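Inside the fold
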Amino acid sequence: MLSRVSLRQFEQRLERLVEGAFAKTFRSELRPVEVGRKLTRQMDLARTVGISGLVAPNRFTVALSPADSSQFESYAEALVRELAEAARDHARDCDYGFVGPVHVELVSDASLGAGEVTVEAEMVEAPGGVAAGSLVLPDGKRISIGEEPVAIGRVAEGAVVLSDPNVSRNHAEVRRFGAGFVVVDLGSTNGTRVNGALVKERRLVDGDLITIGATVLRFDAS
């Protein structure tokens with residue numbers, strides 16, 4: 001089950017949504033936080049022991065009644081995003097690993113009544129069986145790290161473009177390294193920091209904070 005801190009964070013994010021788009025959507029018995037609880041409960045039930053520790057499902061299919069599906073069809077993207085964040089938060093709290101990126105899908109199930117929800121969870125490896133990783137920007141946007149390095153700097157061609165005079169044109173990049181990921185400073189003027197420490201190259205672990213100029217990026221191992 002979600003820890004008290006993660007559950008409260010999840011609730012707070014959804015409360016902000018409820019004040020807006022979800023205010024009209026969730027008039028039925030279905031509450032978003034209950035969907036989050038069901039999802040994380042399935043993570044706990046389906047977890048298994050992997051080579052380097054506990055591994056949890058990373059792909060979730062959330063089935064809703066046709067009535068509930070139609071009510072918030074226009075806002076499904078926001079709910080999917082928050083449910084995926086809830087899964088990542090729960091994995092971090094419980095020290096679970098993933099075999100691939102976290103993915104949540106909402107589907108309509110005619111056998112369900114209003115307010116009812118089911119969650120199916122499974123483990124799906126990333127393409128090629130490689131490790132999954134992403135960078136989370138301050139605005140919440142998530143950039144997956146694929147085979148090509150994620151370039152960070154002021155040049156418009158980079159994956160993460162920062163209009164900050166303290167950021168070099170080609171400042172740093174995050175790339176795959178073996179079964180994991182590293183951040184590499186590309187000879188920038190003001191340096192790259194990981195969790196406050198100045199680095200030239202650093203292997204990344206889930207939750208690491210990368211500071212480039214005045215911008216802080218979070219590395220997620222999912």
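To be clear, the structure that these remarks concern was listed above.
The present account deals with the structure reproduced in this document.

Basis of the calculations
Residues numbered from 1 in each chain as written. Predicted model: local features only at pLDDT ≥ 70, side-chain atom pairs only at ≥ 80, totals over all residues. Heavy atoms only, no water. Pairing = 2+ DSSP bridges. Helix = DSSP H or I, 4+ residues; strand = E, 2+ residues; numbered from the N terminus. Axes fitted to C-alpha atoms, helices over the stretch in contact; angles between N-to-C directions. Contact = heavy atoms within 4.5 Å. Expected span 1.5 Å × (residues − 1). Buried < 20%, exposed > 50% of the residue type's maximum accessible area, 1.4 Å probe, protein only. Phe/Tyr/Trp six-rings, centres within 6.5 Å; stacked < 30°, edge-to-face > 60°. Salt bridge = Lys/Arg side-chain N within 4 Å of Asp/Glu carboxyl O.

1. Regarding the sheet that holds strand β5 (residues 117-122)
- One open sheet accounts for 3 strands, arranged β4-β3-β5; its pairing is mixed. For this open sheet the edge positions go to β4 (103-108) and β5, each flanked by a neighbour on one side alone. Sheet twist, expressed as the mean angle between neighbouring strand axes with direction ignored, is 20 degrees.
- Sheet analysis places strand β3 (residues 59-64) next to β5, joined by 6 bridges and oriented antiparallel. Counted as the bridge partner of Arg59 is Glu122 from β5.
- Helix-sheet contacts for helix α3 (residues 32-46) involve β3, β4 and β5, and the interaxial angle to β5 is about 30 degrees.
- Of the strands in this sheet, β3 and β4 are in contact with helix α5 (residues 76-94), which crosses β4 at around 135 degrees.

2. Some details on the sheet that holds strand β10 (residues 172-177)
- Here we have 5 strands laid out as an open sheet, ordered β9-β8-β10-β11-β14, and mixed in their pairing. Single-partner strands in this sheet number two, and they are β9 (160-161) and β14 (201-203).
- Two elements, strand β8 (residues 150-153) and β10, share 3 bridges in a ladder whose sense is antiparallel. Considered in β10, the bridge of Val150 is made with Val174.

3. What about α3?
- Counted at 1.5 Å a residue, the expected span for α3 with its 15 residues is 21 Å, and the 21 Å between its end C-alpha atoms agrees.
- When α3 is considered as a whole, its buried residues turn out to be Pro32, Val33, Val35, Gly36, Leu39, Thr40, Met43 and Asp44.

4. Considering the packing of aromatic side chains
- For the structure shown, the criterion picks out 1 aromatic pair.
- Ring geometry for Phe181 against Phe219: centres 5.5 Å apart, planes inclined by 55 degrees, an arrangement best described as tilted. With Phe181 in strand β11 (residues 180-185) and Phe219 in strand β16 (residues 215-220), this residue pair connects regions lying 38 residues apart in the sequence.
- Here Phe219 falls in the buried class, since its relative accessible area comes to 2%.

5. Here's the deal with the pattern of salt bridges
- Applying the stated criterion to the full structure yields 11 salt bridges.
- Notably, a salt bridge pairs Asp220 with Arg142, separated by 3.0 Å at the nearest N-O pair. Here Asp220, found in strand β16, pairs with Arg142, found in strand β7 (residues 142-144); they are 78 residues apart in sequence, far enough to count as distant.
- Note that Glu173 is salt-bridged to Arg175, the shortest N-O span being 2.3 Å.
- According to the relative accessible area criterion, Arg175 is partly exposed, its value standing at 28%.
- Among the charged side chains, a salt-bridge network with shared partners connects Glu85, Arg88, Asp89, Arg92, Arg142, Asp206, Arg218 and Asp220.

6. Here's the deal with the environment of Glu125
- Within the secondary structure, Glu125 sits in the loop between β5 and β6 (134-136).
- Note: C-alpha distance between Glu125 and Asn58 (67 residues apart in sequence) is 8.6 Å.
- Not counting chain neighbours up to four residues away, the residues in contact with Glu125 comprise Val99 and Gly100.

Any link to function would need more than the numbers given here.
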